[in-house]
Amino acid sequence: MKKILVTGGAGYIGSHAVVELYQAGYQPVIVDNFSNSEESVLAGIESILGVAVPTYRVDCADEAALRGVFEAEPNIAGVIHFAAFKAVGESVQKPLAYFQNNVGSLLTLLAVMPEFGVENLVFSSSCTVYGIPDALPVTEATPTKPASSPYGRTKQMCEEIIHDVSGAPDNKLRTILLRYFNPIGAHDSAKIGELPLGVPNNLVPFITQTAAGIREKLTIFGNDYDTPDGTNIRDYIHVVDLAKAHIVAVQRLLDHKADETVETFNVGTGNGNTVLDVVQTFEKASGQKLNYVIGPRRPGDVPAIYADATKAEQVLGFKTETSLADSLASAWKWQQTLKK
Ligand SMILES: NC(=O)c1ccc[n+]([C@@H]2O[C@H](COP(=O)([O-])OP(=O)(O)OC[C@H]3O[C@@H](n4cnc5c(N)ncnc54)[C@H](O)[C@@H]3O)[C@@H](O)[C@H]2O)c1
C-alpha cells in the first residue's frame, strides 16, 4: 500500500479523503493539530474502515514536529495538504492568524518534504482565488482577481509559492492544485460529516442545525445581489465526490502522468445554485420547514461563482455523481446522528 500523508485529515474534507484513500488501496497517515476538529472523527473513520488510521497530533507549522512525522513514517509517496483555517468571515477578523497558519504550514511542509525525497503534493485550493470573476462559469484559465478576503489571499499566495518553488532549479516537486467549490453533505454511513466547532460559518451546517432546533433561525446574508433571486450563487459539491477527486489526483502524480510540474483543476459540479435554491431543496429533501430571515451582506462574500468542470473531466476523468438533493439529504442524515 502506498503511503499518503494527509495533513488536516481529521477535518471535514480530509476525513472523507482518508476513507476514500484507504478504500482505493492507499495507506493514509493523518497529521492534524485538532484546532478545528475532534478526535471522535478518528473513531468514525475506524468504524467505516474497520482499521485505525495512524494519526499524529502535530501542528504542520511546527517544523521539528512535522519532520518527526516523516521520520516515523518512512516511504511517504505523496502528501495531500488540507490543513488550514477556512472561514472567510473569520479571516476578515483575524487575518494574521490566517496568514500564519495557512501560509506557514505550507512553507514548513515544502521545506520538509524534499528532506525525505517526497515529491508529490495535492494542495487544497479554493474557488476564492478567482475573487469576483468577470464571467461565469470560471475555468482554470479565468484570471484571478484580488481575493475578497484574507482567507482567499492565503490560497492565492499558497498557489504562487508552489509555482515558485516548483520552478526553482533542481526542484523535483510535482503538485496538483485542486480548486474546490463548496463541499456539502456527509458520508453515506453518517459516521463522518461536517463537524463545525461553535456557530457554523457555512450554509449547509447552519441549515441542518436550524432544522434540528439547535439554531433558532437561518440568516441569509443579502438578497440584493445581481442573481435571479438576489441571493449568492455557489457550486455545491458532495464531499465524497470531492474526496474522490483527490484519489485520481494522487494516482496521476504517482503515475507521472502530469503534463506540468504544477497542474490546476476546478473541482465542482458545474452548476450554480442560489442560497434560496438550497433552502428549498433542503426543505423538500428533508421534509423540514426552515425558519429563515434575510440579513445584511456578509463581508468577504463574492456575489456568484460556479465552476466550469470540463478540465477535470477531460484530463482526470473526474465527474461528480451526487445531486444537490441527495447531498442535502446526506447532510440531514448526519445532523440527526449528531442529535442522538
Ligand atoms: N470546506 C470548504 O468550504 C472549503 C472550500 C475550499 C477549500 N477548502 C480547503 O480545504 C481544506 C480542508 O477544509 P475543511 O473544510 O476540511 O476544513 P476543516 O477545518 O474541517 O479541516 C482542516 C483540518 O486541518 C486541521 N488544521 C488546521 N491547521 C492545522 C495545522 N497548522 N496543523 C495541523 N492541522 C491543522 C484542523 O484541525 C482540521 O482538522 C482547507 O485547506 C480549506 O481551506 C475548504
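Residues numbered from 1 in each chain as written. Predicted model: local features only at pLDDT ≥ 70, side-chain atom pairs only at ≥ 80, totals over all residues. Heavy atoms only, no water.

An unreviewed UniProt entry lists the protein under the name UDP-glucose 4-epimerase, with Hymenobacter arizonensis as the source organism. As its UniProt record puts it under Catalytic activity (unreviewed entry), the protein is described as follows: "UDP-alpha-D-glucose = UDP-alpha-D-galactose". Under the heading Pathway (unreviewed entry), UniProt records this for the protein: "Carbohydrate metabolism; galactose metabolism." (UniProt positions renumbered as here; feature names shortened; annotations may be inferred.)

Asker: Describe in detail the overall build of the protein, supporting the description with residues and values.
Answerer: Secondary structure assignment for the protein yields 11 helices and 13 strands. Along the first, second and third principal axes, the C-alpha set of the protein runs to 55 × 45 × 40 Å. Residues classed as buried in the protein amount to 54% of the 340 residues present. When contacts within the protein are restricted to residue pairs at least 6 apart in sequence, long-range pairs at least 24 apart make up 79% of them. Split by element, the accessible area of the protein, about 14,200 Å² in all, is 50% carbon and sulfur. Averaging the coordinates of the 28 positive side-chain charges in the protein and doing the same for the 38 negative ones gives two points 4 Å apart. (Helix = DSSP H or I, 4+ residues; strand = E, 2+ residues; numbered from the N terminus. Buried < 20%, exposed > 50% of the residue type's maximum accessible area, 1.4 Å probe, protein only. Contact = heavy atoms within 4.5 Å. Areas by Shrake-Rupley, 256 points an atom, 1.4 Å probe, with all protein chains shown as cover. Lys, Arg positive; Asp, Glu negative; His and termini not counted. Charge placed at Lys NZ, Arg CZ, Asp CG, Glu CD.)

Asker: Quick one: what's the story with the pattern of salt bridges, residue by residue and with numbers?
Answerer: Tallied over the full model, the rule gives 16 salt bridges. When the shortest N-O distance is used, the salt bridge between Glu63 and Arg67 registers 2.7 Å. A residue pair is termed a helical-turn pair when its members lie 3 or 4 positions apart in one helix, as Glu63 and Arg67 do in helix α3 (residues 63-72) at four residues. Residue class for Arg67 comes out partly exposed when judged on its relative accessible area of 22%. Linked through salt bridges whose partners overlap, the residues forming this network are Glu63, Arg67 and Glu115. (Salt bridge = Lys/Arg side-chain N within 4 Å of Asp/Glu carboxyl O.)

Asker: Kindly report on α3, identifying the contributing residues and their values.
Answerer: By the burial criterion, the buried members of α3 are Leu66, Val69 and Phe70. Each buried residue of α3 sits inside an arc of 95 degrees when the element is viewed along its axis, so together they form one side. Along α3, the residues that are exposed and aim more than 90 degrees away from the buried face are Ala64 and Glu71. (Arc of directions from axis to C-beta.)

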